[in-house]
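# Chain and residue survey
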Amino acid sequence: MHDETTPSPRGAVPHRGTASRPRWHALPDAVRAAVESRAGTAVLDAASQDGGFTEGFASRLRLADGRRLFVKAASASRGEHAHHAYRHEAVVAAVLPTSVPAPRLLWSLDVDDWVVLAFEDVEARAPHRPWRPDELAAVLAALAGLADVLTPAPDALLPLGTTADLDPELSFWRRCAAGDADAALVPAPWRARIDELAALEGRWAQAAAGDSAVHFDLRDDNILLADDGRVLVCDWNWVQLAAPWVDLIGLLISVHGDGLDAERVVATHPLTRDVPRASIDAFLVALAGYFVGAAGSPPVATSPWLRVHQAWARDASLDWLAARLAR
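To keep things clear, this report deals only with the structure shown in the data block. (Residues numbered from 1 in each chain as written. Predicted model: local features only at pLDDT ≥ 70, side-chain atom pairs only at ≥ 80, totals over all residues. Heavy atoms only, no water.)

## Observations regarding helix α3 (residues 133-149)
Spanning 17 residues, α3 covers 25 Å between terminal C-alpha atoms, matching the ideal 24 Å at 1.5 Å per step. When we look at burial in α3, the residues that qualify are Glu135, Leu136, Val139, Leu140, Leu143, Ala144, Leu146 and Ala147. Elements in contact with the buried residues of α3: β6 (124-125), β8 (223-226), β9 (231-233), α8 (246-257) and α9 (262-268). (Helix = DSSP H or I, 4+ residues; strand = E, 2+ residues; numbered from the N terminus. Expected span 1.5 Å × (residues − 1). Buried < 20%, exposed > 50% of the residue type's maximum accessible area, 1.4 Å probe, protein only. Contact = heavy atoms within 4.5 Å.)

Pasting the structure below:
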């Protein structure tokens, strides 16, 4: 389902084999038995999908009756992050409108402290990185359609958190200005601008507020390009209420970092072309601050490339931000 590990122009970071996931035969007997019982047949083999950054199990399963499933599973004792994310995803995926281009959740179950999700297995792959213009164009078109489907947020998804709820998570510059975050994490050229960035960041939650259901974690590893031409969005763990353009801005950090013209997309895409420049700047400042803080956090043993990717996103977002604020 995924391409081999590939570097990006801004630095040698892998884009596929990033997660340290358990294999099928490493799962507890009770979990494997429950999956086979629910599937109604034996699992013949499992191909681990090692993109992404969680420590959860994620494999394409080939079943004895010829069917295939994509199964995710996480244990609270192995890692709270994946367990919480997968449990929340099970709730969201069960009520996600069928008009949303996403792999369909077939079933979910609990086994001891494990949560298990089974999705339809789609013949698909993640977009190439660095981004290819044709694949990016397909994804950009899909995002416009996705926003139409999810604006306003479907009743089945409500209630959802808001940008105001997320504001504490995207407050690095303000905490830094107040002495509550480590200014040494800030790249040297930006240290003299912390107060300016804090003021901009303070506006992001209001600037990005809205009534759309947004993915809020849209990266290339959460996107699939299906063999039948569809663009599918996966891993709905962070769905929130916000303005319909926030997913696009988050995705464009990688586009800018890969050397493509993110500004042209902002100026021409239907989700951003009429959005006030200051609103986009405020949100981009908040995202950049998040990556500055996250990249400086301690390593995560079960996700060995997480901090490397966050450092890459830090550099890409600050580089894009520098260009925007210079205008």
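## Points about the nonpolar core
Judged by nonpolar contacts, the single largest core of 72 residues is most densely connected at Trp173, Trp204, Trp236, Trp245, Val246, Leu252 and Phe283. For this core, the element with the highest residue contribution is helix α10 (residues 277-295), accounting for ten residues. Leave out the neighbours within four places in its chain, and Leu252 touches Ala262, Val265, Val266 and Trp320. Core analysis: the second largest hydrophobic core is formed by 18 residues, Leu61, Val71, Trp107 and Leu109 among them. (Core = buried A, V, L, I, M, F, W, Y, C linked by side-chain atoms within 4.5 Å.)

## So, helix α6 (residues 194-201)
Within α6, burial applies to Ile194, Leu197, Ala198, Leu200 and Glu201. Angular distribution of buried residues about the axis of α6 spans 165°; they occupy a single face of the element. Check the buried side of α6 and you find it contacts α5 (172-177), α7 (204-207), α10 and α11 (306-325). (Arc of directions from axis to C-beta.)

## So, the pattern of salt bridges
A complete count under the given rule lists 21 salt bridges for this structure. Arg60 serves as the salt-bridge partner of Glu123, at 3.2 Å between the closest nitrogen and oxygen. In this pair, Glu123 is assigned in the loop between β5 (114-120) and β6 and Arg60 in strand β2 (residues 57-63), connecting sequence segments 63 residues apart. Here Glu123 falls in the partly exposed class, since its relative accessible area comes to 44%. What makes Arg60 buried here is its relative accessible area of 12%. (Salt bridge = Lys/Arg side-chain N within 4 Å of Asp/Glu carboxyl O.)

## Comments concerning the packing of α8 against α11
Running from N to C, α8 and α11 cross one another at 90°; their axes reach a closest spacing of 9 Å. Our classification of the angle between α8 and α11 gives roughly perpendicular. The segment α8 lies against α11, with Ile249, Leu252, Ile253, Ser254, His256 and Gly257 engaging Trp312, Ala313, Ala316, Ser317, Asp319 and Trp320. Class assignment of the residues belonging to the contact of α8 with α11 gives a composition of seven nonpolar, four polar and one charged. (Axes fitted to C-alpha atoms, helices over the stretch in contact; angles between N-to-C directions. Parallel < 35°, antiparallel > 145°, perpendicular 65-115°, else oblique. Nonpolar A, V, L, I, M, F, W, Y, C, P; charged D, E, K, R; others polar.)

## Let's talk about the sheet that holds strand β1 (residues 43-48)
One open sheet holds the five strands; their spatial order is β1-β2-β3-β5-β4, and the pairing between them is antiparallel. Looking at the sheet topology across the chains shown, the edges are occupied by β1 and β4 (105-111). Going across the sheet, the axis of each strand differs from the next one's by a mean of 25°, ignoring polarity. Both β2 and strand β3 (residues 68-75) contribute to a ladder of six bridges, which runs antiparallel. Across the sheet, the residue bridging to Ala58 is Lys72, located in β3. (Pairing = 2+ DSSP bridges.)

## Thoughts on the packing of aromatic side chains
All chains considered together, the criterion is met by seven aromatic pairs. Geometrically, the ring pair formed by Trp204 and Phe283 is tilted, given 5.7 Å between the ring centres and 35° between the ring planes. Pair noted here: Trp204 is in helix α7 and Phe283 is in helix α10, with a separation of 79 residues, a long-range link. Judged by its relative accessible area of 0%, Trp204 is buried. The class for Phe283 is buried, based on a relative accessible area of 2%. Aromatic rings pair up to connect Trp204, Phe216, Trp245 and Phe283 into one cluster. (Phe/Tyr/Trp six-rings, centres within 6.5 Å; stacked < 30°, edge-to-face > 60°.)

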